[in-house]
Amino acid sequence: MKLKLYTIFFFLLATGFSFAQNEITVSGIVIDANDKYPLEYATVSIINSNDKTLVTGEITNMKGEFKLDILPGIYDVKIEYLSYKTRTYENKIIDKNIGLGTVGLELNLEALDAVEVIAETTTVEIKLDKKIYNIGKDLTTAGGTVSDALNNVPSVSVDVEGSISLRGNANVRILINGRPSALAGFGDTNVLSQLPAEAIERVEVITSPSARYDAEGTAGILNIILRKKEILGFNGSINLNLGNPDLIGFATTINYRTEKFNLFSNIGYRYFDAPRNSLSTIDYFDRLIDGEIIEPTYKRVREKEVVTRLNRNYNGNIGMEYYLSDKTSLTGSLFYRYGEDADLSLNNSERFNNSSIVERTLRTERQNEEDNRYQFALNFSTKFNDSGHELTADFQFENSAEEQFVFINEDYVVSEDTNPEPFQKERILQTEDQKEYLLQVDYVLPIGDDARFEAGYRGSFQNEITDYLLEQENVSTNNFFVNDTITNVFDYEENVNAIYSQYGTKFGKFSFLLGLRLEHTQLKGKINSRLTEAELNEAFGFPIDTDFDKNYLGLFPTLNLILNLGTDDKTEESITLGYNRRINRPRGWFINPFPTRSSRTNIFQGNPNLNPAFASAFDLGYLKRWDQLTLTSSIYYQYETDSFERVQENTNQQTTDGIDIVRTIPVNLSTNARTGAEFGILYNPNKWLRLNTSFNFFQFKTEGEFNGIDYSAKNTSWFARFSGKVTLPGEIDWQTNAFYRGAQEDAQTRTQGLFSLDLAFSKEILKDNATISLNARDLLNSRIRRSFTTTEFFNRDRESQWRQRQVTLSLIYRFNQQKKQQREGGNSGGGDFDFEG
């Protein structure tokens, strides 16, 4: 028996050596049949002609080359590439080395059309901790900005002043590619209104962030993923925009990719006029002071402000991803932005007594600003294997330098006084220097097929220095002197160190992700003023610490669960449950106690006594997806302590002509409980019709008091949006977006509902290499915020329009963008545990 086994073994071994010695080679090159470009990552398969089983296969290299070793025989050779027609050589006798030469593949126009239909449609994916909205072709934002695009994302709203909120909560963290970024303006969301919407690939709405993310933002996180071209060879696009009010925009994207590196760049210029206007009417009441009734100098003050804003912005981004090996890459990028703003504000102020005009003045404010900011980012990524075991490290440095010069002059137009005392002219010179360092390391270790462990560190170190100089005119000599009360240098630091770990796994259709994050926050500030701390306290009416150093240590647990309920391949159905604890840190301008100067009677003043707010949030979601219909829904609850609220109060101070000064100041107002529900529908019944809608309803309850006044309030509100896209005859796309935000009310202010409508048309031209579009944002010019504030000492009726109706003509030309790369790589900034729902 042993002899037979040895005989069989040596026979098989000899046969194997014999076959190995007789292996032959099949080789060739795969190219695009029309443009003659080599096709990297084309699939070449060798199939047994008799039983049609796969024998071996390979993908082409950067030059489109392939080479396979096989035994002699009769085979089918199949060559495939995404969106191209498959080329097959059937029953080919291969008994010697053979070269197939150059194989040209033709574009599969039907398949290419199918890919384009998907690209035109906004889709939603549900992960353990977030919803991912892959932005389709949104015609209404062509030529628009990132802020315009965000306003069309479910759960997100952008108000008339550019402030971004998530589920009605403005305490939202904005990330670019998973990180805080100079592109997002160091937390100043106005910068997002200057970046092109076409740069967005997808938006991640993260209402229950995992431990990997910074704990900042009690409402959650909006992670904006920018497009990063991974296309063969030299390619790019040119974007031209022309609009009214004045808008001229130019942007170009150029990419070049080889086998070892990917070079990408974006350059843009944007000139635009963004006029805004506001109207404010304040009725002052009699005040009781020390038992004596004090009447206001003026019963009513009405201010109408018209602002012309001319902006010129230049921005550029260049970077390179270098592939050290198949599993390791190093990416470096440099972003630069230069902006020039020239604003002219005309504030017409009328004072009334007994319904008669007593006095009218015209306040003119000229503001010129220069903004230089740049960001350098370096990313290292290595994959230890193909199962997800990886290490990433990021370093980022950001610098911003702003210089602002303001000249303010106010003159009497009407006055009962025949010789009124003239107003002081004012000159303001303000510089802001901001620097931020970011260091982040993330490690991912798969455990088996269905589990994963993650750990990491993140350090963020930010410094902001504001140098503010106010000079006022001596009306007697016409010379200017320094105002010692307002002139100051404010040095503010925010340093955050964090470590985290999380573990996730699957059990059949059930998945969970459990994490814990430890963060140490240092908020440090120093005010250099010409006044002493006691003099500042007296001037501003509340205690001010001119040299503070606050430290907070917090644990932030997260838990995300998902249960897949789908029973077949045609439908997806899942339930998600999330819990997380968050922090809301005050920004520098919320801390700076020195008042604004845009109005003498209505000022904003920061509060250096602000502490971070902490919140715990719960989210229960449901998703079901059919072939043509996707339904998403959720209910949520959040409880926040030390929440920020803006309080309006009479300062008990007056201007030189006797007008009471009203101050808006942020304070920690005890607790805020928020409950809500939302649902969304994406419906794509056929190629020519695509519809989506969303609705969000929420209730909030605030409890707290400030300066002896109870600011407790309870209110409900809602917002809804609808978008419809129709393909008309002649392959013209027509899109309509509608948005409505319901009325809402807090302890002092009632805000009316707001409706806006966007309309757009587009058509592919030049053999589908270019797109021309015409859109109108806020077609009815109705995005006007109207509010009414009631306090013990005054009533204020206010309306403001941050931006008027905008009509834009846009042309995008693309070159060499037919062939997408199949290489996996790069870091989109997410990387979270992707058990999909």
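Note that the coordinates shown come from a computational prediction; the quantities given were computed from them, not determined experimentally.

## Here we look at the packing of aromatic side chains
With the rule as written, the count across this model stands at 20 aromatic pairs. On the numbers, 4.9 Å between centres and 40 degrees between planes, the contact of Tyr579 with Phe618 is tilted. Of this pair, Tyr579 sits in strand E31 (residues 572-584) while Phe618 sits in strand E33 (residues 613-625), and the two are 39 residues apart along the sequence. Following the ring pairs from residue to residue traces out a cluster consisting of Trp589, Phe590, Phe604 and Phe644. Directly above the aromatic system of Trp802 lies the positively charged group of Arg309, at a separation of 4.7 Å from the ring centroid. A cation over an aromatic ring shows up here: Arg427 above the ring of Phe480, its NZ or CZ 3.9 Å from the ring centre.

## Brief notes about the confidence of the model for the protein chain
Within the protein chain, residue pLDDT values average 82, and 84% of them lie at 70 or more. In the model, residues 1-21 has pLDDT below 50 throughout and makes 1 contact with residues more than four positions away in sequence or in other chains. Here residues 109-121 is a poorly scored stretch, pLDDT under 50, and it has 17 contacts once near neighbours within four places are set aside; other chains count.

## Observations concerning the sheet that holds strand E3 (residues 54-59)
Within a sheet, each strand pairs with its neighbour through backbone hydrogen bonds, oriented either parallel or antiparallel. Strands sit in the order E3-E2-E5-E6 across an open sheet of 4 strands; the sheet is antiparallel. Two strands lie at the open edges of the sheet, namely E3 and strand E6 (87-94), each paired on one side alone. Taken over all neighbouring pairs, the strand axes of this sheet differ in orientation by 20 degrees on average, direction set aside. The sheet contact formed by strand E2 (residues 43-48) and E3 spans 5 bridges and is antiparallel. Across the sheet, Ser45 pairs through a bridge with Gly57, a residue of E3.

## Quick notes on the pattern of salt bridges
Per the stated rule, a full pass over the model turns up 33 salt bridges. Here Glu703 makes a salt bridge to Lys701, at a shortest N to O gap of 3.7 Å. Given a relative accessible area of 39%, Glu703 falls into the partly exposed group. A salt bridge links Glu799 to Arg786; the nearest nitrogen and oxygen atoms lie 3.4 Å apart. Residue Glu799 is found in strand E48 (residues 794-801), and its partner Arg786 is found in strand E47 (residues 785-790); the two are separated by 13 residues along the sequence.

## A word on the sheet that holds strand E36 (residues 660-668)
Strand order in this open sheet of 3 strands is E32-E36-E35, and the pairing throughout is mixed. Only two strands of the sheet have a single partner each, and these edge strands are strand E32 (602-604) and strand E35 (644-654). In this sheet, adjacent strand axes meet at a mean angle of 25 degrees when their direction is disregarded. Where E32 meets E36, 3 bridges bridge the pair, whose relative direction is parallel. Along E36, the bridge assignment pairs Phe604 with Thr664.

Rules used throughout
- Residues numbered from 1 in each chain as written.
- Predicted model: local features only at pLDDT ≥ 70, side-chain atom pairs only at ≥ 80, totals over all residues.
- Heavy atoms only, no water.
- Phe/Tyr/Trp six-rings, centres within 6.5 Å; stacked < 30°, edge-to-face > 60°.
- Helix = DSSP H or I, 4+ residues; strand = E, 2+ residues; numbered from the N terminus.
- Lys NZ or Arg CZ within 6 Å of the ring centre and 35° of its normal.
- pLDDT = per-residue confidence, 0-100.
- Contact = heavy atoms within 4.5 Å.
- Pairing = 2+ DSSP bridges.
- Axes fitted to C-alpha atoms, helices over the stretch in contact; angles between N-to-C directions.
- Salt bridge = Lys/Arg side-chain N within 4 Å of Asp/Glu carboxyl O.
- Buried < 20%, exposed > 50% of the residue type's maximum accessible area, 1.4 Å probe, protein only.

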